[in-house]
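Structural features, examined
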Amino acid sequence: ADSWMESAEAGHDDVIGWFEHVSEKACKVQSQTLRRILELNSGVEYLRKWLGTANVQEMDDYTLETLFTSLVPIVSHAELDPYIQRIADGETSPLLTQEPITVLSLSSGTTEGRQKYVPFTRHSSQTTLQIFRLSAAYRSRFYPIKEGGRILEFIYAGKEFKTLGGLTVGTATTHYYASKEFRTKQETTKSFTCSPQEVISGGDFAQSTYCHLLLGLHFSSQVEFVASAFSYTIVQAFSFFQEIWREICDDIKDGTLSSRITLPKTRKAVLALIRPNPSLASHIEEICTELESNLGWLGLIPKLWPNAKYISSIMTGSMLPYLTKLRHYAGGLPLVSADYGSTESWIGVNVDPHLPPEDVSFAVIPTFSYFEFIPLHRQQNHQDICSDGDFVEEKPVPLSQVRIGQEYELVLTTFTGLYRYRLGDVVEVTGFHKGTPKLSFIYRRKLILTINIDKNTEKDLQRVVDKASQLLSRTTKAEVVDFTSHADVTARPGHYIIYWEIRGDAEDKALEECCREMDAGFVDHGYVTSRRMKSIGPLELRVVERGTFGKVAERCVGKCGGLNQFKTPRCTTNSVMLKILDDSTVKRLRISAYD
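These lines cover the structure that appears in this document, whether it is placed above or below. As the structure is a computational prediction, the values presented were derived from the model and not from experiment.

1. Observations concerning the packing of helix 2 (residues 12-24) against helix 7 (residues 122-142)
Close contact between helix 2 and helix 7 brings their axes to 9 Å; oriented N to C, the two are set at 110°. What the angle tells us is that helix 2 and helix 7 run roughly perpendicular. In this structure, helix 2 contributes H12, V15, I16, W18, F19 and E20 to the contact, and helix 7 contributes R133, L134, A136, A137, Y138, S140 and R141. Among the residues making up the contact of helix 2 with helix 7, the classes are represented as eight nonpolar, two polar and three charged.

What follows is the structure, encoded as structure tokens:
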């Protein structure tokens, strides 16, 4: 069934045929996947601790699954961390996997506020290649592209470092962009990124972005689609373009490279590709002048890249706030939501690339990991019996037992040494593709604003900020660029703080109205009751200076190594991030909707 994976020549139909086949038999494939994981890693220290000397090979699938789920506990990263730390320190005995681990990935670190190492093996790169090929096959059904075309791809490989034991550490994307699978992906999907490796791995976000834009325009007639890991990055890149387009035009006209590019390898690689092109420069200048003067940059992408068929990136979850701006830049170009995965494992593929991002769900790939699902039920009144204050949990169920409309937390058992690992993602089952469930990402479980009995999810926060930012746009010439929030429980009474970075000018009166709108906008019963009883204080809006969220990103990139992995957390308790936000605050407003 996996033969197409070995073949660089396998076409889109072969790839889709394989997935349809494994989806049809998803339950059986899941049992086989668990067996493969346990047979490959039989005898490792962690599994011996729970399974003893059980002979995995001699058991049938049902017995093996039952034994595994009854004896091996569900864990979070904290329980596996001591094993991963021993690997990082250079211990070579098989602790989590039989295959020696020489590379560790940094999990994004923007939700918990501290770094997490996750084992990375050849399997990680192979599944990335497989999902990209599968995804390209489904996209080509709706948006066929020319072979040999180019992708304007805003991708960034961060710096890698070594642990005490000599293991390489970096983000999963950094490892992938350096792997042979990344080169294979370009050859097998017959789409080539505009930028050379020296730009991707430059290590300076602004310099790499400038070069991505310059080379994207240099190859503009060949660009078939625009992509990045997250929609945030595309929006940020084009926001930057609005400021520097004249400089790029000068470089295209003269075949030169701006003095802002100081990295020697990057300069050399870019200058080797470009030649003076005065006619292209004047064409771009004409379009940009019109976009700037009359159109407010509406439709920037199709105007500058007329052969682009779509824009692809992760657009769900915490990326939803950037869709309005992305649609503005996209004009009428389709937005295609990229696939669902995490540093720990790829999870699902978008088999409906024609759907708008808000409606997308992801078909689980049953060969990638063994998936379990913890059913979650919102608990209104008896919060003391909830495991982490937000849900009542039932016993986890296998993929074969999930129900449409039910919310679950995902639990993964991976080929890379994670066993019954809580991912922290809450998903809803929206339907099935053949026999495999389709999941809609709801939010990260820990990202919940709460002070006492109030429970507001990322979705609730998003809805409130959306309404207030629309009010701001209607009443002023300003717009919200980015935001986050914090439940301040040190104050008496505690209250929510929402941080906004805005572009343009807004009078205090307009901002006060936005503040009132947000305070009134949280409709959770616990919040409304607490506000009326004054056990939660009025919401506070803090406006931060321009560039603040860029500073937050740089700080995280400095630690995490790649902007591909950075997502602005919509709620934070991270002291470093809060210090940057508070030091950059230029206005504080507290207007109550409950007086």
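2. What about the packing of helix 11 (residues 205-218) against helix 12 (residues 231-254)?
When two helices pack together, their arrangement is captured by the angle between the axes and the distance separating the axes. Across the interface, helix 11 lies against helix 12 with an axial gap of 9 Å and an inter-helix angle of 65°. As far as their axial angle goes, helix 12 and helix 11 are roughly perpendicular. When you trace helix 11 past helix 12, the crossing you get is right-handed. On helix 12, the residues touching F205, A206, T209, Y210, L213, L214 and L217 of helix 11 are T233, Q236, A237, F238, F240, F241, I244, E247, I248, D251 and I252. Partitioning the contact of helix 11 with helix 12 into residue classes produces 13 nonpolar, three polar and two charged.

3. Re the pairing of strand 13 (residues 370-378)
Summarising burial for strand 13: seven of the nine residues are buried, a large majority. For strand 13 and strand 16 (residues 407-413), the ladder comprises seven bridges, and the chain directions are antiparallel. Paired with Y370 across the two strands is T413, which belongs to strand 16. Pairing analysis gives two bridges linking strand 13 to strand 15 (residues 397-398), with the strands arranged antiparallel. Bridge assignment links F373 to a residue of strand 15, and that residue is V397.

4. Here we look at the sheet that holds strand 3 (residues 149-154)
Overall, parallel pairing links the five strands, which are arranged 6-3-7-8-9 in an open sheet. Strands with a single pairing partner mark the edges of an open sheet, and in this sheet they are strand 6 (191-193) and strand 9 (335-337). Between one strand axis and the next, the sheet turns by 30° as a mean value, whatever way the strands run. Lying on the sheet, helix 16 (residues 323-330) is in contact with strand 8 (310-314) and strand 9; it crosses strand 9 at an angle near 135°.

5. A closer look at the pattern of salt bridges
For the coordinates displayed, the defined rule picks out 27 salt bridges. Where K434 meets E20, a salt bridge forms, and the shortest distance between an N and an O atom there is 3.5 Å. Placement of the pair is K434 in the loop between strand 17 (421-433) and strand 18 (436-444) and E20 in helix 2, with a sequence separation of 414 residues. For E20, a relative accessible area of 19% puts it in the buried group. The partner of R327 in a salt bridge is E358, with the nearest N and O atoms 2.9 Å apart.

6. Here's the deal with the packing of aromatic side chains
Applying the stated criterion to the full structure yields 21 aromatic pairs. Ring geometry for Y496 versus F522: centroids 5.2 Å apart, planes at 90°, classification edge-to-face. One end of the pair, Y496, is in strand 20 (residues 495-503); the other, F522, is in the loop between helix 18 (508-521) and helix 19 (525-532), with 26 residues separating them in the sequence. A residue is classified by how much of its surface remains accessible, and Y496, at 0% relative accessible area, is buried. Feature note: the residues Y46, W50, Y83 and Y419 constitute an aromatic cluster, connected by ring pairs. Lying across the ring of F225, R139 places its NZ or CZ 5.4 Å from the centre. Above the plane of the ring of F483 lies R570, whose end atom (NZ or CZ) is 4.3 Å from the centre.

7. A few points about the nonpolar core
Core analysis: the largest hydrophobic core is formed by 68 residues, its most contacted members being F238, F241, L300, W305 and I311. Considering every element that reaches this core, the biggest residue donor is helix 12, with twelve residues. In this view, F238 contacts L152, F154, L213, L300, I301, W305 and Y329; residues no more than four positions away in its chain are not counted. Ranked by size, the runner-up nonpolar core spans 51 residues in total, among them L34, V56, V364 and L423.

8. Considerations on the sheet that holds strand 1 (residues 103-107)
Pairing is mixed across the open sheet formed by four strands, whose spatial order is 2-1-5-4. At either end of the open sheet lies a strand with only one pairing partner, and these are strand 2 (116-120) and strand 4 (161-162). The sheet contact formed by strand 4 and strand 5 (residues 168-171) spans two bridges and is antiparallel. Its bridge partner being in strand 5, K162 is matched across the sheet by T168.

9. Comments concerning the pairing of strand 7 (residues 223-230)
Of all eight residues in strand 7, eight are buried; the element is thus mostly enclosed. Strand direction decides the pairing type here: strand 3 and strand 7, joined by five bridges, are parallel. Its bridge partner lying in strand 7, F154 is registered against S228.

The rules behind these values
- Residues numbered from 1 in each chain as written.
- Predicted model: local features only at pLDDT ≥ 70, side-chain atom pairs only at ≥ 80, totals over all residues.
- Heavy atoms only, no water.
- Axes fitted to C-alpha atoms, helices over the stretch in contact; angles between N-to-C directions.
- Helix = DSSP H or I, 4+ residues; strand = E, 2+ residues; numbered from the N terminus.
- Parallel < 35°, antiparallel > 145°, perpendicular 65-115°, else oblique.
- Contact = heavy atoms within 4.5 Å.
- Nonpolar A, V, L, I, M, F, W, Y, C, P; charged D, E, K, R; others polar.
- Left-handed = near helix turned anticlockwise from the far one by under 90°.
- Buried < 20%, exposed > 50% of the residue type's maximum accessible area, 1.4 Å probe, protein only.
- Pairing = 2+ DSSP bridges.
- Salt bridge = Lys/Arg side-chain N within 4 Å of Asp/Glu carboxyl O.
- Phe/Tyr/Trp six-rings, centres within 6.5 Å; stacked < 30°, edge-to-face > 60°.
- Lys NZ or Arg CZ within 6 Å of the ring centre and 35° of its normal.
- Core = buried A, V, L, I, M, F, W, Y, C linked by side-chain atoms within 4.5 Å.

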